[in-house]
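Here's the letter readout for the chains.
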Amino acid sequence: MKRAAILGVGHYVPSRVVTNDDLAKLFDTSDEWIRQRTGIQERRYIEHDGIGSSDLAVPAVQAACENAGIDVKDIDAIIFATLSPDHVFPGSGCFLQDKLGIPCVPAMDIRNQCSGFLYGLKVADAWVQTGMYQRVAVVGAEVHSTGIEFADRGRDVTVLFGDGAACAIVGPTEREDRGIIDIEVHADGSGAKLLWIEAADSTQTPRMQQRMIDEGTIWPSMNGKQVFRWATDKMPEVARSVMQRNGVTNDDIKLLVPHQANMRINEFVAKKLELPADKVVHNIQKYGNTTAASIPLALSEAMAEGRCGDGDLILFAAFGSGFTWGAGLVRLGS
Ligand code: ACO
């Protein structure tokens, strides 16, 4: 078996900055409420209609390839994690593959929302370990801004989300002391309706009806308190599990790169893990929750800022809709 490593990372966010004050002009909210409850100050939205998750993914993949020192044409598999695919079908991975100009390369979508990147990384790890693929682009990309309700009814969800994309290139390494050490993922579908979008609904004929638009079931709905409780329970639990299995202590970890759902959730997680604040990466203040993109986006920024690099041990943790959650340990470099 070969050992898989993250060969490079890259990210892209659209240029349009939307502040909390901008949102307060559209519905009943305030900068103070959003900052206090979530840590978010601003987020990015696509500049205009017609831009999909696969469009945001293109520059993210290009940046990751450059960082990995490979050509886009070297990619031999795409894993595309998103909760906001360009269309219901086919998967955004297929749109991305065409836009990258790499025909025939297999493209698979993963629909595990905020945990999607870790699920994708686990699949890429297995593919590379078996020698099946050598250069897997694991992409997380979201366009949330076209799918949230800019009204008082949806304000609890709308203030949280932003658009963005990021990518990790996963391939083999000869080095025993570098690479993906362990990734553990879980799901509990009993929580599926605590954070979901009901419509379009394949159990109804037709799947999209005026009633759904009127009742607002086309917008995400969330039980915020339950999500908070589950996330602060499951993220530390699964992080501890991978650490214990691999004999890793807090001193060994350079950075915790958690999914950016909410600053308060991540502060709780760090506290439960007894990790000092300077070992935790936060960029939610700038981007909001970019779901499947958030972990690779945070890693990409942390690496670009010189906060971590070759040889450093990174702990990932995620929780999201499904419910799904997971954690991973990666020694950077190849
Ligand atoms: N602006 C102003 N007021 C708001 C807003 C808003 N955007 N949203 C809700 N409120 C109001 C509510 O209507 C409520 O008013 P009321 O007391 O008159 O009924 C009041 O604020 C308090 O609402 P709560 O839901 O009790 O607020 P809470 O303290 O639980 O905070 C929040 C809400 C921030 C969503 C919190 O529950 C949370 O962080 N949950 C985790 C959710 C999360 O992170 N989801 C991300 C997606 S999932 C993931 O990535 C893991």
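Heads up: the structure comes first, above all this text.
Trainee: I keep staring at the overall build of the chain and nothing clicks. Help me out?
Mentor: Across its full length, the chain holds 11 helices and 13 strands. Taking 2.2 N^0.38 as the reference for a compact globule, 334 residues should give roughly 20 Å; the C-alpha atoms of the chain span a radius of gyration of 19 Å, in line with that estimate. Judged by the C-alpha coordinates and their principal axes, the chain covers about 55 × 45 × 35 Å. By the burial criterion, 55% of the 334 residues in the chain qualify as buried. Put simply, 77% of the contacts in the chain that link residues at least 6 apart link residues at least 24 apart. Element-wise, carbon and sulfur atoms account for 49% of the exposed surface of the chain, whose accessible area totals about 14,100 Å².

Trainee: Looking at this model, I keep getting lost on the sheet that holds strand β12 (residues 313–320). Mind explaining?
Mentor: Within a sheet, neighbouring strands are paired by backbone hydrogen bonds and run either parallel or antiparallel to one another. Across the sheet, which stays open at both edges, the four strands sit in the order β8-β13-β12-β11 with mixed pairing between neighbours. Of all the strands in the sheet, just β8 (179–187) and β11 (255–258) have a single pairing partner and so form its edges. Across this sheet, the average inter-strand angle for adjacent strands is 15°, counted without regard to direction. Judged from the four bridges that link them, β11 and β12 form a sheet pairing that is parallel. Pairing of Val257 across the sheet is with Phe316, part of β12. Strands β8, β12 and β13 (324–331) of the sheet are contacted by helix α5 (residues 116–129), whose axis makes an angle of about 130° with β8.

Trainee: Just checking my understanding: could you explain the sheet that holds strand β7 (residues 164–173) for this structure?
Mentor: The strand order across the open sheet formed by five strands is β1-β7-β6-β4-β5, and the pairing between neighbours is mixed. Two strands close off the open sheet at either side, each with one partner strand: β1 (3–12) and β5 (107–110). Each strand axis lies, on average, 20° off the axis of its neighbour in the sheet, ignoring direction. Examined bridge by bridge, strand β4 (residues 77–81) and strand β6 (residues 136–142) share five bridges and lie parallel to one another. Paired with Ile79 across the two strands is Val138, which belongs to β6. Strand contacts of helix α11 (residues 294–304): β1 and β7, with the helix running at about 85° to β1, the strand carrying the most contacts.

Trainee: Teacher, can you tell me more about the nonpolar core here?
Mentor: Soluble, globular proteins show a tendency: their nonpolar side chains are buried together. If you look at the biggest cluster of nonpolar residues, it comprises 42 residues, and the most contacted ones within it are Met235, Leu256, Ile265, Leu273, Leu315, Phe319 and Phe323. Of all the elements in the fold, those that place two or more residues in this core are α8 (224–245), α9 (263–273), β12 and β13. If one sorts the elements of this core by residue count, α8 sits on top with nine residues. Shared between two domains, this core holds at least three residues of each, these being domain 1 (3–173) and domain 2 (179–331).

Trainee: Would you mind going over the site of the ligand with me for this structure?
Mentor: In the vicinity of the ligand there are 22 residues, among which Thr29, Gly224, Lys225, His259 and Asn262 approach most closely. With respect to the ligand, the side chain of Lys225 contributes an N or O atom lying 2.2 Å from an oxygen atom. Contact between the ligand and His259: an oxygen atom at 2.8 Å from a side-chain N or O atom of the residue. Considered on its own, the ligand offers 1,000 Å² of accessible surface; in the complex 74% of this is hidden by protein. If you list the elements that add at least two residues to the shell around the ligand, you get α2 (31–38), α6 (155–158) and α8. Ranked by residue count, the leading element in the shell around the ligand is α8, at four residues. Class assignment of the residues belonging to the shell around the ligand gives a composition of 12 nonpolar, five polar and five charged. Looking at which domains feed residues into the shell around the ligand, each of domain 1 (3–173) and domain 2 (179–331) supplies at least three.

Calculation rules
- Position numbers for residues count from 1 along each chain, tracking the sequence in the order it is written.
- Per-residue local features of the predicted model are confined to residues with pLDDT of at least 70, and side-chain atom pairs are confined, for both listing and counting, to 80 or more; whole-chain, interface and lining totals are unaffected and use all residues.
- Excluding hydrogens and water, the side-chain values take into account all heavy atoms of the structure.
- Only DSSP runs of H or I reaching four residues or more are called helices, and only runs of E reaching two or more are called strands; each is numbered from the N terminus.
- Computation of the radius of gyration draws on C-alpha atoms alone. For the globule rule, the value is 2.2 Å times the number of residues to the power 0.38.
- For each residue, the accessible area found with a 1.4 Å probe, counting protein chains only, is set against the maximum for its type, and the residue is called buried under 20%, exposed over 50%, and partly exposed in between.
- What makes two residues a contact is simply this: any of their non-hydrogen atoms within 4.5 Å.
- To measure how exposed things are, a 1.4 Å probe is used in the Shrake-Rupley method; for residues, cover is taken only from the protein chains shown.
- Here the rule is simple: two strands pair whenever DSSP picks up at least two bridges between them.
- Axis angles are defined between N-to-C directions and span 0 to 180 degrees, where every axis is a line fitted to C-alpha atoms and, for a helix, only to the segment in contact.
- Joining through side-chain atoms within 4.5 Å is the link that ties buried Ala, Val, Leu, Ile, Met, Phe, Trp, Tyr and Cys residues into a set, and such a set is a nonpolar core.
- Each domain's extent is set by a domain assignment, obtained either automatically or from a database.
- Nearness here has a simple test: a residue counts as near a molecule or strand if at least one of its heavy atoms is within 4 Å of that partner.
- Nitrogen and oxygen atoms within 3.5 Å of one another constitute a polar contact, given that in protein one can donate a hydrogen and the other can accept it, and given that sequence-neighbouring residues count only through two side-chain atoms.
- Think of it as three bins: nonpolar holds Ala, Val, Leu, Ile, Met, Phe, Trp, Tyr, Cys and Pro, charged holds Asp, Glu, Lys and Arg, and polar takes everything else, Gly as well.

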